[in-house]
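# Structural characterization, general
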Amino acid sequence: MNNIILAGMPLCGKTTISVELGKLMGAEVVDTDAEIVKKYGCISDIFEEYGEKHFRLLEKEVVKEVCNLENTVISTGGGCLTDKENADELKKSGVVVYLRVGFETLVLRARGDGTRPLLAGDAEKKLKALMNDRTPVYERVADFTIDCDGLSPEETAKAISELIT
Ligand code: S3P
């Protein structure tokens, strides 16, 4: 099996779904954000101390590393695919699945989430802007798209496994 790369907006459920998919496929699971945290510490702190540009460099480095893996479910940060080089490398390393969720779902999930620096302040407005910018990117890069609204993480994982096998 090639890698399975999960992509989509912040709060679309990539991390949770990757764990379910890993169990279902008997595959290892890796998360680009978690790798960044392991190596460099908390993402909010990186944004605050060094800025987004620096975070993107660390993200790029981690993307290169995870692309060397095989038979792995790779959960990516929401901004990962907006970098063309990241998108190309990830696509070469496996199948990219876009986890699409509705704007309202994201807004509901954003309430009470204080962990995402790009959503700090007016989360709804920021989600809207990110979604407008990124939807075309996710759609262009993805090999498959799954509509996740109304599906549990287990159901989404099952849908992915059926789609790609
Ligand atoms: C980001 C999303 C985050 C994380 C970082 C930047 C983004 O990951 O990589 O805060 O640019 O959308 P999630 O998609 O898991 O929230």
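Look above for the structure.
Attention in this report is confined to the structure presented alongside it. (Residues numbered from 1 in each chain as written. Predicted model: local features only at pLDDT ≥ 70, side-chain atom pairs only at ≥ 80, totals over all residues. Heavy atoms only, no water.)

### Regarding helix α1 (residues 14-25)
Two residues of an α-helix separated by three or four positions point the same way, owing to the 3.6 residues in each turn. A rise of 1.5 Å per residue sets the reference length of α1, with its twelve residues, at 16 Å; its end C-alpha atoms lie 16 Å apart and thus fit the reference within 8%. Buried within α1 we find Lys 14, Ile 17, Ser 18, Glu 20, Leu 21 and Gly 22. At its buried positions, α1 is contacted by β1 (3-7), β2 (28-31), β3 (72-75), β4 (94-100) and α8 (153-164). Just past α1, the residue Gly 26 takes up positive phi, approximately 65 degrees. (Helix = DSSP H or I, 4+ residues; strand = E, 2+ residues; numbered from the N terminus. Expected span 1.5 Å × (residues − 1). Buried < 20%, exposed > 50% of the residue type's maximum accessible area, 1.4 Å probe, protein only. Contact = heavy atoms within 4.5 Å.)

### What to know about the site of the ligand
Around the ligand, 13 residues are found, and the nearest of them are Lys 14, Asp 33, Arg 56, Arg 116 and Arg 134. The separation between an oxygen atom of the ligand and a polar main-chain atom of Gly 78 is 2.8 Å. Compared with its free state, where it exposes 380 Å², the ligand has 95% of that area covered by protein. Considering only residue class, the shell around the ligand consists of five nonpolar, three polar and five charged. (Near = heavy atom within 4 Å. Polar contact = N/O pair within 3.5 Å; in protein donor to acceptor, adjacent residues only side chain to side chain. Areas by Shrake-Rupley, 256 points an atom, 1.4 Å probe, with all protein chains shown as cover. Nonpolar A, V, L, I, M, F, W, Y, C, P; charged D, E, K, R; others polar.)

### Section: the nonpolar core
Generally speaking, a soluble globular protein has its nonpolar side chains buried in company with each other. Leu 6, Leu 81, Leu 99, Leu 127 and Ile 160 are the most contacted members of the largest nonpolar core, which has 49 residues in total. Broken down by element, the residue count for this core peaks at seven residues, all from helix α7 (residues 123-141). Not counting the four nearest positions on each side in its chain, Leu 99 is found in contact with Leu 6, Ala 7, Gly 8, Cys 12, Lys 14, Ile 17, Ile 146, Cys 148, Thr 156 and Ile 160. (Core = buried A, V, L, I, M, F, W, Y, C linked by side-chain atoms within 4.5 Å.)

Taken by themselves, the reported measurements are silent on function.
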